[in-house]
Amino acid sequence: CGICTKRCPFQAIKIIGLPKELSDEKIVHSYGKNRFRLYGLITPRDGVTGLLGPNGVGKSTIIKILSGELIPNLNNLSKAPDFSKVLDYFSGTELQNYFEKLRQKGIKPIHKPQYIDILPKVVKGNVSELLKRVDETGNFEKIVKALEIENVLDRSFDQLSGGELQRVAIAAAALREGDIYYFDEPTSWLDVKQRFSAAKVIREIAEKKKVVLVEHDLIVLDYLSDYIHILYGVPAAYGVSTHPRGTRVGINTYLDGFLKEENIRVRKTPIIFENRPPQDNSNRPILLDYTDIKKTQGNFSLSVSGGQIYQGEVVGILGPNGIGKTTFVKTLSGITNPDFGEIVGDIKVAYKPQYIGTDYLGTVEELLSEITNINSSFYKSEIIKPLSLENLLESEVKDLSGGELQRVAIATCLSHDADLYLIDEPSAFLDVEQRLTTSRVIRRMADEKDAAMFVVDHDILFQDYISDRFIVFSGVSGINGTGSAPLKKREGANKFLKEMNITFRRDLDTKRPRINKEGSQRDTYQREIGEYYYID
Ligand code: ADP
Ligand code: ADP
Ligand code: MG
Ligand code: MG
């Protein structure tokens with residue numbers, strides 16, 4: 001692509017070349033010679049401006065620039081960044097006005113950063129003290145209730161789980177009084193219910209203020225955004241932001257993989273959600289038969305209705321955090337025993353845990369080679385390539401980033417020759433592109449190996465794409481959980497969406513699920529007839 005002289009290590013370069021029209025003058029920021037370059041910026045508009053694109057193409061960099069944390073160097077690496085040059089560069093555009101006001105403190109940006117794990121190191125005091133300190137809106141009680149953080153108010157930051165920390169960080173941003181709000185990946189670690197409460201808080205801010213959002217959960221992005229900027233490029237090498245599109249068209253264009261106006265293909269094949277009934281596997285051999293299961297752990301009690309699992313099916317497991325989804329999967333895999341209940345089936349089980357250990361000493365290649373022959377053409381085309389593992393094979397497992405480790409853990413699980421695969425929260429830490437390819441990999445594996453897959457995940461688009469049936473969990477977090485028998489897709493989705501209090505429709509072109517606007521005619525009608533899932 002002309003960025004470096006070496007052979008490009010990024011497979012993506014085969015699909016995406018650096019477009020000719022991207023001259024050096026269009027570089028807004030460069031992290032150094034032969035390092036990442038950002039081409040173009042976005043102009044925040046009223047409402048919610050969504051940023052959609054893979055990891056490593058500059059989404060967080062854009063947010064840092066617009067929130068005033070990073071002065072863009074315009075690819076001038078010899079001198080310190082100069083704000084007046086930035087104003088000249090954007091002269092005559094809305095961004096000139098924006099940066100001028102930003103410099104004169106006429107705009108107050110509020111930023112919920114992507115990486116929140118540093119908060120415990122820098123924040124003093126407990127959650128309640130921090131939130132009261134930053135509260136400029138007087139909405140403390142309302143926001144604490146909306147994000148359900150009442151129970152953690154007395155805790156210090158190092159006692160918070162990822163999901164709790166995320167909700168506190170969102171609350172801290174929402175309580176401040178600013179002119180423009182930047183939310184960088186607000187749904188990481190959150191379950192579906194928490195994602196929608198967070199989305200509602202963000203939506204309410206957007207009624208009065210501008211909001212810019214980076215999000216990999218396409219249902220949440222679609223629900224929240226008024227406009228979408230697609231970003232493309234080669235991760236860690238360069239990123240390009242495109243002009244704004246309406247949300248529906250923007251997401252459909254991304255799924256299609258071809259950006260017409262830019263004449264750029266970001267993916268070889270489109271992602272299509274088929275308007276087909278889910279696969280009916282009930283005439284296929286039964287793989288696993290289990291009775292009602294009961295299990296108590298400390299103060300928590302779990303009860304799951306029995307069921308039969310067939311060869312070749314993907315069973316999606318849906319439900320809030322802390323109600324026994326992981327415990328159930330561990331029970332099926334034989335890691336823990338139920339107090340009551342029986343699991344019948346002489347089967348081999350492979351398990352991808354929710355929390356992935358990094359204690360393996362060795363490279364990714366060594367890890368995977370211990371399980372299977374990673375040089376077979378099947379393995380290369382079905383696992384290595386779609387999960388983009390080529391460039392990770394020589395890395396030490398302990399050095400991998402969250403998203404890399406997740407892909408390696410998924411590959412490790414699928415490398416086993418098993419009859420039943422239990423995959424606990426595979427979409428965590430993955431970007432939108434990786435989620436889409438991972439769902440394809442899992443789906444194809446189920447079809448090709450005649451195996452069954454249990455997939456616990458909070459990304460509903462992902463679940464809708466891969467699952468044939470659903471098991472729906474409900475209950476009180478940390479106290480009790482009830483799991484349904486495996487339900488037909490429509491029945492399961494209906495039960496789950498009713499509990500989430502949202503209704504769905506299908507997009508006419510891509511058939512992807514979209515949330516109906518609350519109180520719209522369609523929403524009201526679907527609630528009336530009890531069809532929370534699509535009506536075709
Ligand atoms: P995204 O949010 O889209 O995942 P980022 O904006 O965080 O992407 O980063 C884009 C690229 O810039 C990354 O691949 C990373 O390699 C590089 N990068 C980010 N921050 C720095 C930095 N402070 N110094 C050098 N390179 C950086
Ligand atoms: P989910 O996967 O739905 O988030 P889990 O199955 O991980 O839920 O946990 C359900 C509940 O059981 C949680 O409240 C958790 O605190 C509790 N729990 C999990 N493991 C143990 C254990 N080993 N001892 C006591 N309680 C546990
Ligand atoms: Mg980022
Ligand atoms: Mg879990």
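Residues numbered from 1 in each chain as written. Chains lettered and ligands numbered in written order. Predicted model: local features only at pLDDT ≥ 70, side-chain atom pairs only at ≥ 80, totals over all residues.

An unreviewed UniProt entry lists the chain under the name ABC transporter related, from Methanococcus vannielii.

As for the overall build of the chain
Tallying secondary structure elements over the chain gives 18 helices and 25 strands in all. Against the globule reference of 24 Å for 536 residues, the chain gives a C-alpha radius of gyration of 24 Å, in line with a compact fold. Projected onto its principal axes, the C-alpha coordinates of the chain cover approximately 70 × 55 × 50 Å. Among the 536 residues that make up the chain, the fraction classed as buried is 45%. (Helix = DSSP H or I, 4+ residues; strand = E, 2+ residues; numbered from the N terminus. Rg over C-alpha atoms; globule rule 2.2 N^0.38 Å. Buried ≥ 20, exposed ≤ 12 C-beta atoms within 10 Å, placed from the backbone.)

Examining the site of ligand 2
As a structural note, the neighbourhood of ligand 2 is formed by Q297, G298, F300, N321, G322, I323, G324, K325, T326, T327 and G478. Residue contributions to the shell around ligand 2 peak at three residues, all from helix α11 (residues 325-332). A class-by-class count of the residues in the shell around ligand 2 yields two nonpolar, eight polar and one charged. (Near = placed C-beta within 6 Å. Nonpolar A, V, L, I, M, F, W, Y, C, P; charged D, E, K, R; others polar.)

As for the confidence of the model for the chain
For the chain, per-residue confidence averages 92 on the pLDDT scale, and 95% of positions sit at 70 or higher. Here residues 1-7 scores under 50 on pLDDT; set against residues more than four positions off or in separate chains, the count is 11 contacts. Two numbers describe this predicted complex: its pTM, 0.93, and its ipTM, 0.94. (pLDDT = per-residue confidence, 0-100. Contact = placed C-beta atoms within 7 Å.)

Focus: unusual backbone geometry
With phi around 60 degrees, N34 is a residue other than glycine that occupies positive phi space. Of note, N34 is situated in the loop between β1 (27-30) and β2 (37-39). On the basis of neighbour counts, which here come to 12 C-beta atoms within 10 Å, the residue N34 falls in the exposed class. Look at L74: it is not a glycine, yet its phi comes out positive at around 55 degrees. As for its position among the elements, L74 is in the loop between α1 (59-66) and α2 (83-89).

A few points about the environment of L400
Positionally, L400 belongs in the loop between α13 (377-384) and α14 (402-415). Given 18 C-beta atoms within a 10 Å radius, L400 is considered partly exposed. C-alpha of L400 to C-alpha of L119: the two residues are 281 residues apart in sequence and 22 Å apart in space. Beyond its immediate stretch of four places on either side in the chain, L400 contacts L392, S395, L405 and V408.

A short note on the packing of helix α5 (residues 127-134) against helix α7 (residues 162-175)
At a closest axis distance of 8 Å, the pairing of α5 and α7 adopts a crossing angle of 20 degrees. If you check the angle between α5 and α7, you find them roughly parallel. Helix-helix and strand crossings are classified by hand; for α5 and α7 the assignment is right-handed. Note on element contacts: α7 touches α5 through V168, A171, A172 and L175, opposite V127, L130, L131 and V134. Its residues assigned to classes, the contact of α5 with α7 comprises eight nonpolar, no polar and no charged. (Axes fitted to C-alpha atoms, helices over the stretch in contact; angles between N-to-C directions. Parallel < 35°, antiparallel > 145°, perpendicular 65-115°, else oblique. Left-handed = near helix turned anticlockwise from the far one by under 90°.)

Concerning the nonpolar core
The nonpolar side chains of soluble globular proteins are, as a tendency, buried together. In this structure, A171, A452 and M453 are the most contacted members of the largest nonpolar core, which totals 143 residues. Those residues in contact with M453 that sit more than four places away from it in its chain are V314, V315, Y421, I423, I442 and A446. (Core = buried A, V, L, I, M, F, W, Y, C linked by C-beta atoms within 7 Å.)

Some points on α7
If you check α7, its first and last C-alpha atoms are 20 Å apart, about what 14 residues at 1.5 Å a residue would give, namely 20 Å. Burial analysis of α7 places 12 of its 14 residues in the buried class, the great majority of the element. Looking at α7, one finds that the buried residues are E164, L165, Q166, R167, V168, A169, I170, A171, A172, A173, A174 and L175. Against the buried residues of α7 lie β4 (109-112), α4 (119-122), α5, α6 (140-146), β5 (180-184) and α8 (192-206). (Expected span 1.5 Å × (residues − 1).)

Some thoughts on the sheet that holds strand β17 (residues 343-344)
Think of a sheet as strands paired side by side through backbone hydrogen bonds, with each pair either parallel or antiparallel. Across the sheet, three strands lie side by side as β15-β12-β17; this open sheet has antiparallel pairing. Of all the strands in the sheet, just β15 (307-310) and β17 have a single pairing partner and so form its edges. Inspection of the sheet shows strand β12 (residues 286-290) paired to β15 by four bridges, in the antiparallel sense. Across the sheet, L288 pairs through a bridge with I309, a residue of β15. (Pairing = 2+ DSSP bridges.)

A closer look at the pairing of β1
Pairing of β1 with β2, which is carried by three bridges, proceeds in the antiparallel orientation. Residue pairing for β2: S30 is matched across the bridge by R37. Adjacent in sequence and paired antiparallel, β1 and β2 are bridged by six residues, among which G32 carries a positive phi angle near 140 degrees.

Section: the pairing of strand β13 (residues 293-297)
In this sheet, strand β14 (residues 300-304) lies alongside β13 in antiparallel orientation, the contact comprising five bridges. Its bridge partner lying in β14, I293 is registered against V304. Between β13 and the antiparallel strand that follows it, β14, lie two residues; G298 among them carries a positive phi value of about 55 degrees.

Details of the environment of L487
Tracing the chain through its elements places L487 in strand β23 (residues 487-488). The partly exposed category is assigned to L487, around which 19 C-beta atoms lie within 10 Å. Sequence spacing of L487 and V472 is 15 residues, and the spatial spacing of their C-alpha atoms is 8.1 Å. Contacts of L487, omitting those with residues within four sequence positions, involve R469, F470, V472, G492 and K495.

Looking at the packing of α7 against α8
In contact at an axis separation of 11 Å, α7 and α8 are set at 10 degrees when each is read in the N-to-C sense. If you check the angle between α7 and α8, you find them roughly parallel. Two secondary-structure elements touch here, α7 through G163, R167, I170 and A174 and α8 through Q194, A198, V201 and I205. Looking at the contact of α7 with α8 residue by residue, the classes come out as five nonpolar, two polar and one charged.

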